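So you can see what is in the structure, the chains are spelled out below.
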Amino acid sequence: MDTPAIVCEGLSKRYGKTRALDGFDLTVPEGAIYGLLGPNGAGKTTAVRALATLLRPDSGRAEVAGFSVIRQPAQVRARIGLAGQNAAVDEILSARQNLVMFGRLYHLTAAAARRRAEELLGQFGLAEAGGQAVGQYSGGMRRRLDLAASFIVAPRVLFLDEPTTGLDPHGRNEVWQTIRALASAGTTVLLTTQYLEEADQLADAITVIAAGRAVAVGSPDELKSLTGGDRIDVVLHDADDVPAVAALLQARLGVDVSLDHDGRKVSVPVTDRLAALTEIIRCLQDENIRVEDITVRRPTLDEAFLHLTSQQASPGDTAGNLSGQPAEVSAS
Amino acid sequence: MTARPVIPQAIASRLGWAIMDTWVVTRRDLAHWVRQPGPVLASNLLFPVMIVLMFGYLLGGAMIVPGGGDYRDFLMPGMFAMTMVFGIGATLTAVSADAARGITDRFRSMPMATSAVITGRAAADMLSSAVALAVLAGCGLLVGWHPHRGTARALGALGLLLLLRFAFLWIGVYLGLRFYPNPEAVTAVRTLEFPIGFLGNPFVAISTMPAWLGAIALWNPLSSTVSAARQLFGDPMGANPSWITDNAVAMAIAWPVLLIAVFFPLSLHRYRRLSR
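The residue count restarts for each chain, going from 1 along the sequence in the order it is written. Chains carry letters and ligands carry numbers; both start at the beginning, A for chains and 1 for ligands, and go up in the order they are written. Only residues with pLDDT of at least 70 get local features here, since the model is predicted, and only at 80 or more are side-chain atom pairs given and counted; chain-wide, interface and lining totals rely on the full set of residues.

1. A few points about the overall build of chain A
Thought 1: Numbering of helices and strands runs from the N terminus; a helix is a DSSP stretch of H or I covering at least four residues, while a strand is a stretch of E covering at least two. Secondary structure summary: chain A contains eleven helices and 15 strands in total.
Thought 2: Split into buried and exposed, the 332 residues of chain A put 46% on the buried side. Comment: burial labels come from other C-beta atoms within 10 Å of the residue's own C-beta, placed from the backbone, where a count of 20 or more is buried, 12 or fewer is exposed, and between is partly exposed.

Laid out in structure tokens, this is it:
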């Protein structure tokens, strides 16, 4: 078996009383797009900074491309790229000047750096705007330049720290396409994101991190199934009916329902879809409640995520399937 | 595919990398001057020239230099030194902007000489200040100022001014790395530049100040460099006999060396702390 692109074991980092990383474990196989998901302050950025040699962990072991980030940082730096929250480009210079500068700092000759800059401008769709100051770029263009800069020497491992935060849907799509293209060329990508949809769209596998620890590992589908089966969404005609319907369904089906914040939707987790659907429709008819729509669906990654991280948030309550250990749901 | 850089092990080739990388980082700033000349022109050229004209002509008529001499001759070395003071803000702003925007982190995640991030900044800022000094001297020559004691002493004076700038560089790097998460603090530090000048002898002679203020001004490191430059250019000194002024040249070396001895290690410490 190949050496994993990234391994860390028991990685810890504290700031005063805060444990930003608290025995964090991660194994990322070569060639994957791997998602690191967690709420704000869960330790995603700290983990990426430690793996990219920007931050010295207090304890634990971390290897990237086979080299220790603590003892061989220079070797690691020669094999990684970093983009997103933690890496930036010069706004006054043009994209071309940026890429030539970074190329020179990767110790390419002047001619090779210029050649590589042109290649990357073409590859990342920036050839036309290559001479403009980066300050005038759209958010999507800037992120693509950011990616291009981390790709001067095609890295073994690419760290993307929230690469689409703050982009509009168009810019986000552009960046997603670029990330897929880079990964299909063989680079291992570790992606942190707050957009659960993003992990769902891009990642082959995901580690969920909360309070500095890995709380679950698996494919997006496997994580969704952790929340226990399907959901039935009932959209009501009248928002005033929501509390009554929620109470009614909770009582009849014996499960915790959740309400949508825009006001008219009640979500019910179910195990037997048909029986539950029949029961729900009967209830609503009995009470003469006007219904706009009823749908049966798989849980969203959002729900899986909230479920996992809320379990982690109350340490006395982790007995279930997590029991303090990362839930290893991956069969592969 | 582009070849992966091989990390050099020998000290000589590592030094070679450090010098090469420093030059690349320095050139980034030179490219800024070309692409966006506005701020450089304003802070390095227009502002000091404006001050020379304002103080020299507008206020200069009301200024009498104690001990005699022309006020514009008295002012020029002061303005040279103030240009060095303004350099603190330039360094501070550049260092904090790079750290805040993540450019410093990108450099730190690359297989380049880590020292080059700072040495490149240092080289670019020293170049920038040397150019500013040359332009201001040219402006001085136009309004009738000139060195009276020969080229060697004049160059000595410029050297002392740049030594002061080199000391201020490390204050700027330290403060930039200290305050970068907090842009308000960066702005606040910049507004202190002028008071540093007024609490010294660049604009007025210390002998005209109240005793307590005079004492502060006398011990202001800036004052020693200004006095030394006045002495070496042969400009009026503003009649201010004291041990510090009598040994102005020695003090104009001692103060910056002391500042460097304090702020260079502090800057390195702050830079290393980025990885905490």
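Past the structure itself, the notes keep going.
2. Things to note about the overall build of chain B
Thought 1: Looking only at helices and strands, one finds twelve helices and zero strands in chain B.
Thought 2: Reading the secondary structure of chain B in the N-to-C direction produces α-α-α-α-α-α-α-α-α-α-α-α.
Thought 3: We take the radius of gyration over the C-alpha atoms and set the globule estimate at 2.2 Å times the residue count to the 0.38 power. For chain B, the C-alpha radius of gyration of 20 Å lies close to 19 Å, the compact-globule estimate for 276 residues.
Thought 4: Each principal axis of the C-alpha atoms in chain B carries an extent, and together these give about 70 × 40 × 35 Å.
Thought 5: For chain B, the residues scored as buried account for 46% of the 276 residues in total.
Thought 6: We call two residues in contact if the C-beta atoms placed from their backbones are at most 7 Å apart. Within chain B, contacts between residues at least 6 apart in sequence are counted, and of these 82% link residues at least 24 apart.

3. Some points on the packing of helix H3 (residues 95-105) of chain A against helix H1 (residues 11-35) of chain B
Helix packing for two helices is described by the angle between their axes and how far apart those axes are.
Thought 1: Interaxial angle, 0 to 180 degrees, is taken between N-to-C directions of lines fitted to C-alpha atoms, where a helix line uses only the stretch in contact. Close contact between H3 of chain A and H1 of chain B brings their axes to 9 Å; oriented N to C, the two are set at 165°. Relative to H1 of chain B, the element H3 of chain A is oriented roughly antiparallel. As for how H3 of chain A packs across H1 of chain B, the hand of that crossing is left-handed. For the pair H3 of chain A and H1 of chain B, contact is made by Gln 97, Met 101, Arg 104 and Leu 105 of chain A and by Asp 21, Val 24, Arg 28 and Ala 31 of chain B, respectively.
Thought 2: Among the residues making up the contact of H3 of chain A with H1 of chain B, the classes are represented as four nonpolar, one polar and three charged. Any angle between 65 and 115 degrees counts as roughly perpendicular, while under 35 counts as roughly parallel, over 145 as roughly antiparallel, and the rest as oblique. Helix crossings are classified by the rotation of the near helix relative to the far one: an anticlockwise turn of less than a right angle makes the crossing left-handed, while a clockwise turn makes it right-handed. The nonpolar class holds Ala, Val, Leu, Ile, Met, Phe, Trp, Tyr, Cys and Pro. Asp, Glu, Lys and Arg form the charged class, and all remaining residues, Gly among them, are polar.

4. Overview of the sheet that holds strand E5 (residues 67-68) of chain A
Residues and elements named next belong to chain A.
Thought 1: The rule for pairing is simple: two strands pair if DSSP sees at least two bridges between them. Read from one edge of the open sheet, four strands run E2-E1-E4-E5, paired in antiparallel fashion. One side of each edge strand has no neighbouring strand; the edge strands of this open sheet are strand E2 (18-28) and E5.
Thought 2: Note: strand E1 (residues 6-15) against strand E4 (residues 59-64), five bridges, orientation antiparallel. The residue of E4 that forms the bridge with Ile 6 is Val 64.

5. Some words on the sheet that holds strand E13 (residues 265-270) of chain A
Residues and elements named next belong to chain A.
Thought 1: Pairing is antiparallel across the open sheet formed by four strands, whose spatial order is E12-E13-E11-E14. The sheet is open, and its two borders are formed by strand E12 (258-259) and strand E14 (291-297), each paired with just one other strand.
Thought 2: Bridging between strand E11 (residues 230-236) and E14 involves six bridges; their strand directions are antiparallel. Residue Asp 233 lies in a different strand from E14, and its bridge partner there is Thr 295.
Thought 3: Strands in contact with helix H9 (residues 242-253) are E11, E12 and E13; relative to E13, the strand with the most contacts, it is inclined by about 10°.

6. Considerations on H1 of chain B
Thought 1: Its 25 residues give H1 of chain B an end-to-end C-alpha distance of 36 Å, which sits within 8% of 36 Å, the value for a rise of 1.5 Å per residue.
Thought 2: Of the residues making up H1 of chain B, those classed as buried are Asp 21, Thr 22, Val 25, Thr 26, Arg 28 and His 32 of chain B.
Thought 3: Where H1 of chain B is buried, its residues contact H3 of chain A together with helix H5 (116-142) of chain B. For a helix, the expected span equals 1.5 Å multiplied by the number of residues minus one.

7. Some words on the interface of chain B and chain A
Thought 1: Taken residue by residue, the interface counts 24 residues in chain B and 29 residues in chain A.
Thought 2: Of all the secondary structure elements, the ones that give two or more residues to the side of chain B that touches chain A are H1 and helix H4 (103-108) of chain B.
Thought 3: Among the elements that take part in the side of chain B that touches chain A, H1 of chain B stands out by supplying six residues, more than any other.
Thought 4: A class-by-class count of the residues in the side of chain B that touches chain A yields nine nonpolar, six polar and nine charged.

8. Overview of the confidence of the model for chain A
Thought 1: Here chain A averages 85 in pLDDT, and 90% of its residues register 70 or above.
Thought 2: By definition, pLDDT measures how confident the predictor is in each residue, and it falls between 0 and 100. Counted against residues more than four places away or in other chains, residues 314-332 of chain A, with its pLDDT under 50, gives 27 contacts.

9. Examining H9 of chain A
Thought 1: In this model H9 of chain A runs 16 Å from its N-terminal to its C-terminal C-alpha over twelve residues, within 8% of the 16 Å that 1.5 Å per residue would give.
Thought 2: One or two steps after H9 of chain A, the chain reaches Gly 254 of chain A, where phi turns positive at roughly 65°.

10. Concerning the environment of Asp 125 of chain B
Residue and element names in this part refer to chain B.
Thought 1: Relative to the helices and strands, Asp 125 resides in helix H5.
Thought 2: Taking the C-beta count within 10 Å as the criterion, Asp 125 has 24 such neighbours and is therefore assigned buried.
Thought 3: For Asp 125 and Leu 136, which are eleven residues apart along the polypeptide, the C-alpha to C-alpha distance reads 16 Å.
Thought 4: Sequence-distant contacts of Asp 125, defined by excluding residues within four places in its chain, comprise Gly 87, Ala 90, Thr 91 and Leu 169.

11. Let's talk about the environment of Thr 45 of chain A
Thought 1: For Thr 45 of chain A, the location among the structural elements is in helix H1 (residues 44-51).
Thought 2: Judged by the 21 C-beta atoms lying within 10 Å of it, Thr 45 of chain A falls in the buried class.

12. Side note on the packing of helix H2 (residues 37-59) of chain B against H5 of chain B
All names here are of chain B.
Thought 1: Orientation of H2 relative to H5, taken along the N-to-C sense of each, is 35°, at an axis distance of 10 Å. Between H2 and H5 the crossing geometry is right-handed. Taken together, the residues of H5 that come into contact with H2 (itself represented by Asn 44, Leu 45, Pro 48, Val 49 and Val 52) are Ser 128, Val 131, Ala 132, Val 135, Leu 136, Cys 139 and Gly 140.
Thought 2: Residue classes in the contact of H2 with H5 are distributed as nine nonpolar, three polar and no charged.

13. Description of unusual backbone geometry
Residue and element names in this part refer to chain A.
Thought 1: Positive phi is not limited to glycine here, since Ala 211 has a value of about 50°.
Thought 2: Relative to the helices and strands, Ala 211 resides in the loop between strand E9 (205-210) and strand E10 (213-218).
Thought 3: The residue Asn 288 is not glycine, and still its phi comes out positive at about 60°.
Thought 4: Relative to the assigned elements, Asn 288 resides in the loop between helix H10 (273-286) and E14.
Thought 5: Residue classification places Asn 288 among the exposed positions, given that 6 C-beta atoms sit within 10 Å.

14. Some words on the pairing of strand E3 (residues 33-37) of chain A
Residues and elements named next belong to chain A.
Thought 1: Where burial is concerned, most of E3 is hidden: five out of the five residues are buried.
Thought 2: Sheet topology note: the E3/strand E8 (residues 188-193) ladder contains five bridges and is parallel. Considered in E8, the bridge of Tyr 34 is made with Leu 190.

15. Examining the pairing of E2 of chain A
All names here are of chain A.
Thought 1: Alignment of E1 against E2, held across eight bridges, turns out to be antiparallel. In the strand pairing of E2, Cys 8 is matched with Leu 26.
Thought 2: Joining the antiparallel neighbours E1 and E2 is a turn of two residues, in which Gly 16 adopts a positive phi near 60°.

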